[in-house]
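Examining the three-dimensional arrangement
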Amino acid sequence: MKTKLSNIKRDLYNVFVIGNADDRQLAKAYFLIAIPLFTLFLMFGHFPQY
């Protein structure tokens, strides 16, 4: 579990700080950010009414 957390931390560092991430690291960072945000949007937000 400790190695998984350090891998995630290293991937996020490469994506947001250094900027030399590969495709796998970019995908991990996207899913780590996108899934909680979409969950919050769907829980507390509403779709536009036309």
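Shown above is the structure to which this text applies.
Values in this document were obtained by computation on a predicted structure and should not be read as measured data. (Residues numbered from 1 in each chain as written. Predicted model: local features only at pLDDT ≥ 70, side-chain atom pairs only at ≥ 80, totals over all residues. Heavy atoms only, no water.)

**Brief notes about helix α2 (residues 23-44)**
Stated precisely, the cut-off is as follows: Per the convention used, a helix needs a DSSP run of H or I reaching at least four residues, while a strand needs a run of E reaching at least two, with both numbered from the N terminus. One less than the residue count of a helix, multiplied by 1.5 Å, gives the span that helix is expected to have. Think of it in three bands: with a 1.4 Å probe and only protein chains considered, a residue is buried below 20% of the maximum accessible area for its type, exposed above 50%, and partly exposed in between. Only heavy atoms matter for contacts: two residues are in contact if any of them lie within 4.5 Å across the pair.
When the terminal C-alpha atoms of α2 are compared, their 31 Å separation across 22 residues agrees well with the 32 Å that a helix rising 1.5 Å per residue should span. Of the residues making up α2, those classed as buried are Gln25, Ala29 and Ala34. Next to the buried residues of α2 lie α1 (2-18).

**Digging into the pattern of salt bridges**
The cut-off we apply is this: Salt bridge, as used here: a side-chain nitrogen of Lys or Arg that lies within 4 Å of a carboxyl oxygen of Asp or Glu.
Inspection of every chain in the model, using the stated rule, returns two salt bridges. Across the pair aspartate 11 and arginine 24 runs a salt bridge, and its minimum N-O distance is 3.8 Å. With aspartate 11 in helix α1 and arginine 24 in helix α2, this pair connects stretches of sequence that are 13 residues apart. Looking at arginine 24, the relative accessible area reads 45%, which means it is partly exposed.

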